[in-house]
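As a plain string of letters, each chain reads:
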Amino acid sequence: MPSKKGQLISAQVVLKSASGKSVDGKTAITSENVADYAPSPNTAAAAAAGFREAGFEVGNMVGNSFSITAPKSTFEKFFKIKLRAEERGDVKVAAAKGATEGYEIPLKVLPR
(Lines give C-alpha, C1' and ligand atoms only; values in the text may rest on other atoms or scores of the structure.)
Protein backbone atom coordinates (compact mmCIF):
# COMPACT_ATOMS: atom_id res chain seq x y z
CA MET A 1 0.00 0.00 0.00
CA PRO A 2 1.61 3.28 -1.08
CA SER A 3 2.20 6.03 1.45
CA LYS A 4 -0.57 8.61 1.45
CA LYS A 5 0.16 12.29 1.81
CA GLY A 6 0.33 13.13 5.51
CA GLN A 7 0.54 9.50 6.56
CA LEU A 8 2.87 9.02 9.49
CA ILE A 9 6.20 7.26 9.06
CA SER A 10 8.36 5.86 11.86
CA ALA A 11 12.07 5.18 12.05
CA GLN A 12 14.33 3.80 14.76
CA VAL A 13 17.16 6.01 16.05
CA VAL A 14 20.10 3.93 17.30
CA LEU A 15 22.58 5.83 19.46
CA LYS A 16 26.27 5.15 19.97
CA SER A 17 27.21 3.64 23.30
CA ALA A 18 28.86 5.72 26.00
CA SER A 19 31.50 2.97 26.36
CA GLY A 20 32.44 3.06 22.69
CA LYS A 21 31.35 -0.56 22.15
CA SER A 22 29.44 -1.20 18.94
CA VAL A 23 26.72 -3.71 18.26
CA ASP A 24 28.44 -6.16 15.91
CA GLY A 25 25.81 -8.84 15.44
CA LYS A 26 28.15 -11.45 16.94
CA THR A 27 28.00 -10.58 20.63
CA ALA A 28 24.78 -11.34 22.45
CA ILE A 29 23.46 -8.38 24.39
CA THR A 30 22.27 -9.66 27.75
CA SER A 31 21.22 -8.24 31.10
CA GLU A 32 24.85 -8.63 32.17
CA ASN A 33 26.36 -6.46 29.40
CA VAL A 34 23.48 -4.23 28.24
CA ALA A 35 24.99 -1.20 30.04
CA ASP A 36 28.09 -1.53 27.81
CA TYR A 37 25.93 -0.75 24.76
CA ALA A 38 23.79 2.04 26.26
CA PRO A 39 24.25 5.68 25.30
CA SER A 40 24.92 8.23 28.00
CA PRO A 41 21.73 9.65 29.54
CA ASN A 42 22.78 13.15 28.41
CA THR A 43 23.27 12.02 24.81
CA ALA A 44 19.92 10.23 24.79
CA ALA A 45 18.11 13.26 26.23
CA ALA A 46 19.80 15.67 23.80
CA ALA A 47 19.03 13.49 20.78
CA ALA A 48 15.39 13.07 21.79
CA ALA A 49 15.03 16.81 22.40
CA GLY A 50 16.54 17.62 19.01
CA PHE A 51 14.08 15.38 17.20
CA ARG A 52 11.15 16.77 19.21
CA GLU A 53 12.19 20.33 18.30
CA ALA A 54 12.31 19.29 14.64
CA GLY A 55 8.67 18.14 14.80
CA PHE A 56 9.03 14.41 15.43
CA GLU A 57 7.09 12.44 18.00
CA VAL A 58 9.76 10.64 20.04
CA GLY A 59 9.22 7.24 21.65
CA ASN A 60 10.70 6.00 24.91
CA MET A 61 14.35 5.02 25.06
CA VAL A 62 14.61 1.22 24.92
CA GLY A 63 18.12 -0.18 25.20
CA ASN A 64 20.14 1.89 22.75
CA SER A 65 17.33 3.31 20.63
CA PHE A 66 14.06 5.19 20.38
CA SER A 67 11.54 5.70 17.61
CA ILE A 68 10.73 8.90 15.78
CA THR A 69 7.41 9.42 14.00
CA ALA A 70 6.27 12.22 11.71
CA PRO A 71 4.73 12.87 8.31
CA LYS A 72 6.85 12.05 5.26
CA SER A 73 7.40 15.76 4.62
CA THR A 74 9.03 16.21 8.05
CA PHE A 75 11.51 13.39 7.37
CA GLU A 76 12.31 14.76 3.91
CA LYS A 77 12.83 18.33 5.12
CA PHE A 78 14.85 17.45 8.23
CA PHE A 79 17.14 14.83 6.66
CA LYS A 80 17.23 16.54 3.22
CA ILE A 81 16.15 13.33 1.46
CA LYS A 82 13.36 12.06 -0.76
CA LEU A 83 11.33 9.06 0.40
CA ARG A 84 9.58 6.60 -1.89
CA ALA A 85 6.73 4.35 -0.79
CA GLU A 86 6.88 0.74 -1.90
CA GLU A 87 3.77 -1.23 -2.88
CA ARG A 88 3.92 -3.40 0.25
CA GLY A 89 3.88 -0.33 2.52
CA ASP A 90 7.53 0.13 3.41
CA VAL A 91 9.35 3.36 2.66
CA LYS A 92 12.82 3.71 1.12
CA VAL A 93 15.22 6.58 0.83
CA ALA A 94 15.33 7.42 -2.87
CA ALA A 95 18.77 7.20 -4.40
CA ALA A 96 20.58 10.51 -4.53
CA LYS A 97 23.27 11.22 -7.09
CA GLY A 98 26.11 8.77 -6.50
CA ALA A 99 24.20 6.88 -3.80
CA THR A 100 22.07 3.76 -3.63
CA GLU A 101 18.46 3.43 -2.60
CA GLY A 102 17.80 1.78 0.74
CA TYR A 103 16.30 1.86 4.21
CA GLU A 104 19.12 3.72 5.98
CA ILE A 105 18.72 7.48 6.35
CA PRO A 106 21.97 9.36 5.67
CA LEU A 107 23.25 10.93 8.86
CA LYS A 108 25.34 13.71 7.32
CA VAL A 109 22.80 16.40 8.31
CA LEU A 110 22.87 15.48 11.99
CA PRO A 111 25.10 17.34 14.45
CA ARG A 112 28.03 15.32 15.66
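Before reading further, recall that the structure is shown in the block above.
1. Here's the deal with helix α2 (residues 72-79)
At step 1: The set of residues buried in α2 consists of T74, F75, E76 and F79.
At step 2: Those residues of α2 hidden inside the fold are in contact with β1 (8-14), α1 (41-53), β3 (65-71) and β4 (83-85).
At step 3: Positioned one or two residues after α2, K80 has a phi angle of 55°, which is positive.

2. Re the packing of aromatic side chains
At step 1: Under the counting rule described, the total for this entry stands at 9 aromatic pairs.
At step 2: Arranged with centres 4.9 Å apart and planes meeting at 90°, the rings of F78 and F79 form a pair that is edge-to-face.
At step 3: Within the aromatic cluster, the residues linked to one another by ring pairs are F51, F56, F66, F75, F78 and F79.

3. Examining the layout of surface pockets
At step 1: Quantified by volume, the largest pocket comes out at close to 1,100 Å³.
At step 2: Along its surface, the largest pocket is lined by 37 residues, and V13, V14, L15, L107 and L110 are the ones closest to its centre.
At step 3: Elements with a contribution of two residues or more to the lining of the largest pocket: β1, α1, α2 and β5 (91-93).
At step 4: By residue number, the principal contributor to the lining of the largest pocket is β1, which donates 6 residues.
At step 5: Among the residues making up the lining of the largest pocket, the classes are represented as 24 nonpolar, 9 polar and 4 charged.

4. Some details on the environment of S17
At step 1: Assignment of secondary structure puts S17 in the loop between β1 and α1.
At step 2: Spatially, the C-alpha atoms of S17 and N64 are 7.3 Å apart, while their sequence positions differ by 47 residues.
At step 3: In this structure S17 touches D36, Y37, A38 and P39, once residues within four positions along its chain are discounted.
At step 4: Within polar-contact distance, the side chain of S17 engages the backbone nitrogen of G20 at 3.0 Å.
At step 5: A polar side-chain atom of S17 sits 2.6 Å from the main-chain carbonyl oxygen of K21.

5. Here we look at the pairing of β1
At step 1: A one-sided burial pattern is seen for β1, the buried positions being I9, A11 and V13 and the unburied ones L8, S10, Q12 and V14.
At step 2: Relative to β3, β1 runs antiparallel, the two being bridged by 7 bridges. Across the sheet, residue Q12 finds its bridge partner in β3, namely S67.

6. So, the nonpolar core
A general feature of soluble globular proteins is that nonpolar side chains tend to end up buried together.
At step 1: Counting residues in each nonpolar core, the largest one holds 19 residues, and the members touching the most others are F51, F56, F66, I68, F75, F79 and I105.
At step 2: Put simply, the parts of the chain that give this core at least two residues each are β1, α1, β3 and α2.
At step 3: For this core, the element with the highest residue contribution is α1, accounting for 4 residues.
At step 4: Non-local contacts of I105, meaning those with residues more than four positions away in its chain, are made with A11, F75, F79, I81 and V93.

7. Some details on unusual backbone geometry
At step 1: The backbone of K80 sits at a positive phi, close to 55°, despite the residue not being glycine.
At step 2: Its location among the elements puts K80 in the loop between α2 and β4.

Parameters and conventions
- Residues numbered from 1 in each chain as written.
- Predicted model: local features only at pLDDT ≥ 70, side-chain atom pairs only at ≥ 80, totals over all residues.
- Heavy atoms only, no water.
- Buried < 20%, exposed > 50% of the residue type's maximum accessible area, 1.4 Å probe, protein only.
- Helix = DSSP H or I, 4+ residues; strand = E, 2+ residues; numbered from the N terminus.
- Contact = heavy atoms within 4.5 Å.
- Phe/Tyr/Trp six-rings, centres within 6.5 Å; stacked < 30°, edge-to-face > 60°.
- 1 Å grid on protein atoms, 1.4 Å probe; cavity = no way out; pocket = protein on both sides within 12 Å on 5 of 7 lines; lining within 4 Å.
- Points joined across faces, edges and corners; volume = space filled by probe spheres on them.
- Nonpolar A, V, L, I, M, F, W, Y, C, P; charged D, E, K, R; others polar.
- Polar contact = N/O pair within 3.5 Å; in protein donor to acceptor, adjacent residues only side chain to side chain.
- Pairing = 2+ DSSP bridges.
- Core = buried A, V, L, I, M, F, W, Y, C linked by side-chain atoms within 4.5 Å.

Read these as layout, nothing more, since geometry by itself doesn't imply function.
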